[in-house]
Amino acid sequence: VQLQASGGGLVQAGGSLRLSCTASVRTFSRFFMAWFRQAPGKEREFVAAYKWSGGSTYYADSVKGRFTISRDNAENTVYLQMNNLKPEDTAVYYCAADSRLIQSSIRYAYEYDYWGQGTLVTVSS
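Counting restarts for each chain: residues are numbered from 1 in the order of the written sequence. Since the coordinates come from a predicted model, pLDDT governs what is reported: local features require at least 70, and pairs of side-chain atoms require 80 or more to be given and counted, while whole-chain, interface and lining totals use all residues. Heavy atoms throughout the structure, all of them, feed into the side-chain values; hydrogens and water do not.

Another point: the overall build of the protein. A tally of helices and strands in the protein yields zero helices and 11 strands. Helix and strand assignments follow DSSP, with helices taken as H or I runs no shorter than four residues and strands as E runs no shorter than two, numbered in order from the N terminus. Moving toward the C terminus, one meets the helices and strands of the protein in the order β-β-β-β-β-β-β-β-β-β-β. For the radius of gyration, the atom set is restricted to C-alpha positions; the globular benchmark scales as 2.2 Å times the number of residues to the power 0.38. Since a compact globule built from 125 residues should have a radius of gyration of about 14 Å, the 13 Å found for the protein is in line with a globular shape. When checking whether two residues touch, look at their non-hydrogen atoms; a contact exists if any pair is within 4.5 Å. Here the analysis covers contacts within the protein between residues at least 6 apart in sequence; of these, 57% occur between residues at least 24 apart. In this description, accessible areas are obtained by the Shrake-Rupley approach with a 1.4 Å probe, and a residue is regarded as covered only by the protein chains that are shown. For the protein, the accessible area works out to roughly 6,500 Å², and carbon and sulfur atoms hold 43% of it. The average position of the 13 basic charges and that of the 10 acidic charges among the side chains of the protein differ by 4 Å. Positive charges come from Lys and Arg, negative ones from Asp and Glu, while His and the chain ends are left out of the count. Charge positions are represented by NZ for Lys, CZ for Arg, CG for Asp and CD for Glu.

Bringing the sheet that holds strand β1 (residues 3–6) into the picture now. Two strands make a pair as long as DSSP finds a minimum of two bridges between them. Taken together, four strands build an open sheet; the order of strands is β1-β3-β8-β7 and the sheet is antiparallel. Only two strands of the sheet have a single partner each, and these edge strands are β1 and β7 (67–72). Shown here is a sheet whose adjacent strand axes are inclined to one another by a mean of 15 degrees, direction ignored. Sheet analysis places β1 next to strand β3 (residues 17–23), joined by four bridges and oriented antiparallel. Of the residues in β3, the one forming a bridge with Ser6 is Ser20. A fitted line through C-alpha atoms represents every axis, and for helices the fit uses only the stretch in contact; the resulting angles, taken between N-to-C directions, go from 0 to 180 degrees.

Written out as structure tokens, the structure reads:
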């Protein structure tokens with residue numbers, strides 16, 4: 001599985017960006033797809049996840065109410081709509097996927113086998 005992330009950029013605080021993650025496979029029925037982020041000097045942290053079967057979504061407390069994860073079936077793509085961005089959202093954002101996860105594991109980066117290349121989001125104050 002290859003993941004291609006895009007959509008990062010520079011935005012002012014309060015602004016919006018939409019990240020995209022397109023996968024090379026067309027059968028996702030058992031996959032979780034997720035977004036993680038890593039700021040300089042910090043560990044990679046969970047942002048949001050999408051359970052392909054059923055459409056359940058999961059969010060970190062720090063982004064709940066501001067970020068929305070969604071999918072486009074036809075394009076094998078997961079989106080992360082980020083609104084009301086804050087300077088502390090500045091990080092490299094990575095998409096990840098795995099077909100073997102259970103719900104209790106989705107927030108842990110080491111549980112994911114497949115990763116995109118990362119896209120930089122910079123939020124200026």
